[in-house]
Amino acid sequence: MLNGKKSKSLLMIGLVILLAIAGAGCASQDGGDEDGAENGNQTPSEEKSVTIAYVQWASAEATTNVVKEVYEQEGYEVDLQNTAAGIMYQGVANGDADFSVCAWLPDTQANYWEQYGDQIDRVGVNTPEVKTGLVVPEYVDINSIEDLKGNESQFDGTITGIDPGAGIMSQTENALEEYELDGYELESSSGPAMTSALRSAIQNEDSIIVTLWNPHWAFARWDLKYLDDPQDVYGSDNIVSIARQGLDEDKPEAYTILENFNWTVSDNEQVMAYIDQGMSGEEAAEKWVEENPEKVNAWLGEGE
């Protein structure tokens, strides 16, 4: 057995060890709190993922793939949602998508903006001065929408459109009323189906009217013309970037890239031309991004 003095000495040593361990733990915890406080004063790292909604139009595919390529090069995981125009707006409004870079405003998609605009962040114009309307091959001897009246047989009374939810389809329904084109029917299809019908008609030198827009690769491929629109039914537009509300707060770096993104109709049509030559959307975007470092760096806020 230990005598009283030894026992007391061992007890004191044990207490010192326990106090040392406890003190080390407190120091570590306190240090962590200080670091946490310091980190709390900094902007936390945002989640490196974005969901982009777009519609199945050639111009939208080109734009969206370029934006996707840029975000991926910046380390983001990108999810693309290909959908109809109305669902695109709805998805951005309710937060299912972070943003879209293919809103046609103020005219073509005015109905969707009226419905969802107060729930969406209108980030800004990314492609200025774009156009929609009724288009015919250059060899067709009609130059104005108002001249279609009385020439229904030349076109089999048909205007070949795209998906029924597209803004240009609503505009064309209005054009039929404004110009009193009762002898025509607007035929819904899709962007690819419309260009396929246009290709077939041109190969046979047949007359055809389609709903079309710039930017679009079809204008580089064939000699086409817009029919004059004296009633200004189709108006004039810009392509606008839109985002879910709050994106600027919880993903500020992603928002800054979106805010900086802008290019021209010619830029867009160059990407579409690559796709038309057989590249995939991803390959075309990668090529364009590689060829245009100054523009891409400006979107990323570099070189300022």
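What counts and what doesn't
Residues numbered from 1 in each chain as written. Predicted model: local features only at pLDDT ≥ 70, side-chain atom pairs only at ≥ 80, totals over all residues. Heavy atoms only, no water. Helix = DSSP H or I, 4+ residues; strand = E, 2+ residues; numbered from the N terminus. Contact = heavy atoms within 4.5 Å. Salt bridge = Lys/Arg side-chain N within 4 Å of Asp/Glu carboxyl O. Buried < 20%, exposed > 50% of the residue type's maximum accessible area, 1.4 Å probe, protein only.

Caption draft 1: Geometry of the environment of Ala-62. Considering the arrangement of structural elements, one finds Ala-62 in helix 2 (residues 58-73). Considered as a pair, Ala-62 and Glu-269 are 207 residues apart in the sequence and their alpha carbons are 8.1 Å apart. Sequence-distant contacts of Ala-62, that is, excluding residues within four places in its chain, are made with Trp-263, Asn-268, Val-271 and Met-272.

Caption draft 2: Spotlight on the pattern of salt bridges. Tallied over the full model, the rule gives 8 salt bridges. Notably, a salt bridge pairs Glu-180 with Lys-149, separated by 3.1 Å at the nearest N-O pair. Taken together, the residues span a long stretch of sequence, with Glu-180 in the loop between helix 5 (167-178) and strand 6 (185-187) and Lys-149 in the loop between strand 4 (120-137) and strand 5 (158-160) at a distance of 31 residues. Between Lys-295 and Asp-267 there is a salt bridge, with its nearest N and O atoms 2.5 Å apart. Of this pair, Lys-295 sits in helix 12 (residues 293-299) while Asp-267 sits in helix 10 (residues 265-276), and the two are 28 residues apart along the sequence. Taking the relative accessible area as the measure of exposure, Lys-295 reaches 31% and is therefore partly exposed. By relative accessible area, Asp-267 is classed as buried at 9%. Here the salt bridges do not stand alone but share partners, grouping Asp-98, Arg-244, Asp-250 and Lys-251 into one network.

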